[in-house]
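The chain contents come next:
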Amino acid sequence: MIPLHISLNYYKRSDIREEIIANSKDREVIAKFNDNFGKRPDILRHPGDILELVKQGATSFHASEELWRNPLQLDTSLRKHELDNLRLGWDLVLDIDCGIFEYSREAAYLVIQFLKFHNISSISCKFSGNKGFHIGVPFQAFPEKIKNEEIKRMFPDAPRKIALYIKEMIKKELGVRVMGFEKNNFNAIIEKTGKKANEITYYDNKIRVLNPEPFLNIDTLLISSRHLYRMPYSLHEKSELASTPLNPEKVLLFRKEFALPRNTRISKHRFLDKENVKSNEAKQLLMEALDFGIKQETIKLKEEKEFIAPEKALPEELFPPCIKLILNGLEDGRKRALFILLNYFTSIGWDYDMIEKKLKEWNAKNKEPLREVYLIGQLRYHKQNRKKILPPNCPKRDNNLPLVNQQNYYTDIGICKPDNFCTKIKNPAQYTTRKAWLITRQNKGKAVKNERTLKVI
């Protein structure tokens, strides 16, 4: 909670308000009032608008990654093609949060180096305000079309695939850098991350290696239409620090003290600065990310070939422990849990009316419920997509192997509490369908046995 006198004193600065307004052009902008967001859609036109909202209790400001013709025309009832027509474009905003500030800083450095390797010069960076960093590339750096498809219509799929591609490419080097930062002290990493040794280590030629994937969080699958990011120079409710832009070349030198409100200075390195952007400089990155996405989808299809969703909805008594724990309500990880639940329910035969009812019941149990407009929006997007996919796979449990092709969602939000049956499956949906199959087989066996008994009698 940020006290009113702190936020008011900070946002009274005209230079801060002018920078926020500069970042507001063509964006949907929403004020946050400590724990709650303001009405949507909304925009900021003048520096005075910011001060008025702060007087009403606003503590931070959040903007859309998407650029709109008229943000005030946005509505949750709009269909995908209507949103596509309203969208001018989208900026790539990579939200990097490893849970540990120093690890996030190393990851941000690697992302910046990776983008530079792909000949992208219009890279911007800012401290998120708490434990992470935001890396930005303006929409103008991307081509207008790829294979006759307009890039502006490729949101959120294109930024998702770029984020997944970068995450995969940097994770090995990040493990090396984190180990160097901690002077090869595995115990320090285990203590800081709260992970178990077998979750973040594996053996390569009998050498113990750090696998940072369980704590390397680059916002990927949570990117969705009207997705928001904390605006530059906006305060963070938990840390009371400012989301400060900085020189991407000096990210490793950044310290949290620089973001104290009294220390905040306007950087000459503006976040998502659109001046001097080279057209098409991000084309190579996008093409490689799309190719990588196709390969990953092919691998996933092969892995899921044996899975067939049931025609009838399977009952709750067959839910695995992780799903039951989610449905009891969560303190953290609600958006990730929502992603898991949507894919889990459709994979076990539930229709969307059943899913909506259950999601609303679950959301009411969360310590801080998700906004209903967000929940329904995700449900609607999932329904319109029509492509049913399994929820993320369970963590690997072989101590001698790296975690491969899985997001570690379950361990990250503390819901991986396996029972004996979990050792026989690799996915929560498979847990339920396999149990249903075993029960059906047992019942058929009993029926046959009873029939034989009756014949004997």
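Heads up: the structure comes first, above all this text.
Scoring rules and cut-offs
- Position numbers for residues start from 1 in each chain and track the written sequence from start to end.
- Reporting in this predicted model follows two pLDDT cut-offs: at least 70 for local features of residues, and 80 or more for side-chain atom pairs to be given and counted; totals over whole chains, interfaces and linings ignore these cut-offs and use all residues.
- Think of the side-chain values as coming from all heavy atoms in the structure, minus any hydrogens and water.
- Definition of nonpolar core: a set of buried residues of the types Ala, Val, Leu, Ile, Met, Phe, Trp, Tyr and Cys, connected through side-chain atoms within 4.5 Å.
- When a residue's accessible area, from a 1.4 Å probe over protein chains only, is under 20% of the maximum for its type it is buried; when over 50% it is exposed; and in between it is partly exposed.
- Note on contacts: a residue pair qualifies if any of its non-hydrogen atoms lie within 4.5 Å across the two residues.
- Here the rule is simple: two strands pair whenever DSSP picks up at least two bridges between them.
- Strands here mean DSSP runs of E at least two residues long; helices mean DSSP runs of H or I at least four residues long; both are numbered from the N terminus.
- All axes are obtained by fitting lines to C-alpha atoms, using only the stretch in contact for helices, and the reported angles, taken between N-to-C directions, cover 0 to 180 degrees.
- Every angle not falling under 35 degrees, over 145, or within 65 to 115 is termed oblique; those three ranges are roughly parallel, roughly antiparallel and roughly perpendicular.
- Left-handed describes a crossing in which the near helix is turned anticlockwise from the far one by less than a right angle; the clockwise case is right-handed.
- For this analysis, a salt bridge means a side-chain nitrogen from Lys or Arg found within 4 Å of a carboxyl oxygen belonging to Asp or Glu.

The nonpolar side chains of soluble globular proteins are, as a tendency, buried together. In this structure, V111, L115, F133, I135, F142, I166 and I218 are the most contacted members of the largest nonpolar core, which totals 59 residues. Setting aside anything within four residues of it in sequence, one finds V111 in contact with L94, I96, I135, I166, I170 and I218. Counting residues in each nonpolar core, the second largest holds 34 residues, with F319, Y352, L375 and I413 among its members.

Here we come to the pairing of strand β11 (residues 201–204). Relative to strand β12 (residues 207–210), β11 is paired through 4 bridges, and the arrangement is antiparallel. Note on β12: the bridge partner recorded for T201 is L210. Connecting β11 to the next strand, β12, in antiparallel fashion are 2 residues, including N205 with a positive phi near 55°.

Our focus in this paragraph is the packing of helix α11 (residues 334–347) against helix α12 (residues 352–365). Across the interface, α11 lies against α12 with an axial gap of 10 Å and an inter-helix angle of 150°. It follows that α11 is roughly antiparallel to α12 by the angle criterion. α11 and α12 meet at a crossing whose hand is right-handed. Residues R334, A337, L338, L341, L342, F345 and T346 of α11 lie in contact with α12, whose contacting residues are Y352, I355, K358, L359 and W362.

Between R40 and P41 the backbone carries a cis peptide bond, its omega angle lying at -5°. Within the fold, P41 resides in the loop between β2 (36–37) and α3 (47–55). Here the phi dihedral of D26 falls at roughly 65°; this positive angle occurs in a residue that is not glycine. Along the chain, D26 falls in the loop between α2 (14–22) and β1 (29–33).

Our focus in this paragraph is the sheet that holds β1. Pairing in this open sheet of 4 strands is antiparallel, and the strands run β2-β1-β3-β13 from one edge to the other. Each of the sheet's edge strands pairs with one partner strand only, and the pair in question is β2 and β13 (228–230). As defined by bridge partners, strand β3 (residues 60–64) adjoins β13 across 3 bridges and the pair is classed as antiparallel. The residue bridging S64 from the neighbouring strand is L228, located in β13.

Turning next to the pattern of salt bridges. Under the criterion given, the structure shown has 24 salt bridges. Put simply, D42 and K39 hold a salt bridge, and the shortest N to O gap is 3.9 Å. Judged by relative accessible area, K39 falls into the exposed class, the value being 58%. Close ionic contact of E168 with K171 constitutes a salt bridge, the shortest N to O distance being 3.3 Å.

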